[in-house]
Amino acid sequence: MRKSLIILDDTPEMLNAMRFAASRAAKTGGGIVMLAVISSEEFQHFMGVADVMRAEAHEKVEAHFQIFKDRMEKREGITPTLAIREGDQVEQIIDYVTSDPEVGVIVLGAAADKSGPGPLVTALTGRRLNDLRVPITVVPGSMSKEDILAAS
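Predicted, not measured: the structure shown is a model, and the values here were computed from it.

### Here we look at the overall build of the chain
Next, step 1: When helices and strands are counted, the chain shows five helices and five strands.
Next, step 2: Starting at the N terminus and ending at the C terminus, the chain contains elements arranged as β-α-β-α-β-α-β-α-β-α.
Next, step 3: The C-alpha atoms of the chain give 15 Å as radius of gyration, which agrees with the globular expectation for 152 residues (15 Å, within 12%).
Next, step 4: Along the first, second and third principal axes, the C-alpha atoms of the chain reach 50 × 35 × 30 Å.
Next, step 5: Within the chain, the proportion of its 152 residues that are buried is 43%.
Next, step 6: Expressed as a percentage of contacts within the chain between residues at least 6 apart in sequence, the contacts between residues at least 24 apart total 74%.

### Things to note about the confidence of the model for the chain
Next, step 1: With 93% of its residues at a pLDDT of at least 70, the chain reaches an overall mean of 90.
Next, step 2: The least confident element of the chain is helix H2 (residues 47–76), whose mean pLDDT is 86; the most confident is strand S1 (residues 3–7), at 97.

### Some words on helix H3 (residues 89–99)
Next, step 1: Within H3, the full set of buried residues consists of Val90, Gln92, Ile93, Ile94, Tyr96 and Val97.
Next, step 2: Buried residues in H3 make contact with S1, strand S2 (31–38), strand S3 (81–86), strand S4 (103–109) and helix H4 (119–125).
Next, step 3: The opening residue of H3 is aspartate 88, an N-cap whose side-chain oxygen sits 3.3 Å from the backbone nitrogen of valine 90.

### Looking at the layout of surface pockets
Next, step 1: The computed volume of the second largest pocket comes to approximately 160 Å³.
Next, step 2: If you go around the second largest pocket, you meet 16 residues; those closest to its centre are Asp9, Thr11, Glu13, Gly109 and Leu120.
Next, step 3: If you list the elements that add at least two residues to the lining of the second largest pocket, you get S1, helix H1 (13–28), S4 and H4.
Next, step 4: Per-class residue counts for the lining of the second largest pocket are 10 nonpolar, four polar and two charged.

### Section: the pattern of salt bridges
Any two side chains of opposite charge can pair, given that their charged atoms come close.
Next, step 1: Taken as a whole and assessed by the stated rule, the structure comprises seven salt bridges.
Next, step 2: In this structure, lysine 3 and glutamate 102 form a salt bridge, with 3.5 Å as the shortest nitrogen-oxygen distance. Taken together, the residues lysine 3 in strand S1 and glutamate 102 in the loop between H3 and S4 connect sequence positions 99 residues apart.
Next, step 3: When its relative accessible area of 12% is taken as the criterion, lysine 3 is described as buried.

### Here we look at the sheet that holds S3
Next, step 1: A sheet is described by the order of its strands in space; here five strands give the open sequence S3-S2-S1-S4-S5, paired in parallel fashion. In this open sheet, the two strands that pair with only one neighbour each are S3 and strand S5 (136–139). When strand polarity is set aside, the average angle formed by the axes of neighbouring strands in this sheet is 25 degrees.
Next, step 2: Pairing analysis gives four bridges linking S4 to S5, with the strands arranged parallel. Considered in S5, the bridge of leucine 108 is made with valine 138.

### Details of the nonpolar core
Next, step 1: Grouped together as the largest cluster of nonpolar side chains are 23 residues, with contacts concentrated most on Ile6, Leu8, Ile32 and Met34.
Next, step 2: Secondary structure elements with two or more residues in this core: H1, S2, H2 and S4.
Next, step 3: Top contributing element to this core by residue count: H1, with seven residues.
Next, step 4: The next biggest cluster of nonpolar side chains, apart from the first, holds 20 residues, and it includes Ile7, Leu35, Ala83 and Val90.

### A few points about the side chain of serine 152
Next, step 1: By secondary structure assignment, the location of serine 152 is in the segment after helix H5 (145–151).
Next, step 2: Overall, the relative accessible area of 8% leaves serine 152 in the buried class.
Next, step 3: Beyond its immediate sequence surroundings of up to four residues, serine 152 is in contact with Phe20, Ser23, Arg24 and Lys27.

Basis of the calculations
- Residues numbered from 1 in each chain as written.
- Predicted model: local features only at pLDDT ≥ 70, side-chain atom pairs only at ≥ 80, totals over all residues.
- Heavy atoms only, no water.
- Helix = DSSP H or I, 4+ residues; strand = E, 2+ residues; numbered from the N terminus.
- Rg over C-alpha atoms; globule rule 2.2 N^0.38 Å.
- Buried < 20%, exposed > 50% of the residue type's maximum accessible area, 1.4 Å probe, protein only.
- Contact = heavy atoms within 4.5 Å.
- pLDDT = per-residue confidence, 0-100.
- Polar contact = N/O pair within 3.5 Å; in protein donor to acceptor, adjacent residues only side chain to side chain.
- 1 Å grid on protein atoms, 1.4 Å probe; cavity = no way out; pocket = protein on both sides within 12 Å on 5 of 7 lines; lining within 4 Å.
- Points joined across faces, edges and corners; volume = space filled by probe spheres on them.
- Nonpolar A, V, L, I, M, F, W, Y, C, P; charged D, E, K, R; others polar.
- Salt bridge = Lys/Arg side-chain N within 4 Å of Asp/Glu carboxyl O.
- Pairing = 2+ DSSP bridges.
- Axes fitted to C-alpha atoms, helices over the stretch in contact; angles between N-to-C directions.
- Core = buried A, V, L, I, M, F, W, Y, C linked by side-chain atoms within 4.5 Å.

Printed below as a string of structure tokens:
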């Protein structure tokens, strides 16, 4: 089964990427993996506190994932999987795609404002594009829910 990779974060554009990927997976029989990358810089301060902070960050990601998992199961009949990595977001995305041969596409949402598509889209479609072995689908932030569902 070919999977779409979505980056699980707190950005509003992630919702567009999720909506597109879930609808597409439902129509094609594909799968979804949601990758959350926790910045390891958050845990550098005190070693005793680092483990507690790391555990809390993982719990937050898992709770966030559960909301979207429930939504995808209910609306599209898709059960996504969760992967959690720590480190630099771009490096971890490239590493994950390299390590999972079932990932067939990365689906990213672009920011809706005029300042640009966002740092992740900029990094992965710019200087790091040739480090990937899969195509990237970028869902414009200006697309409505109806537009996204029609395009998927």
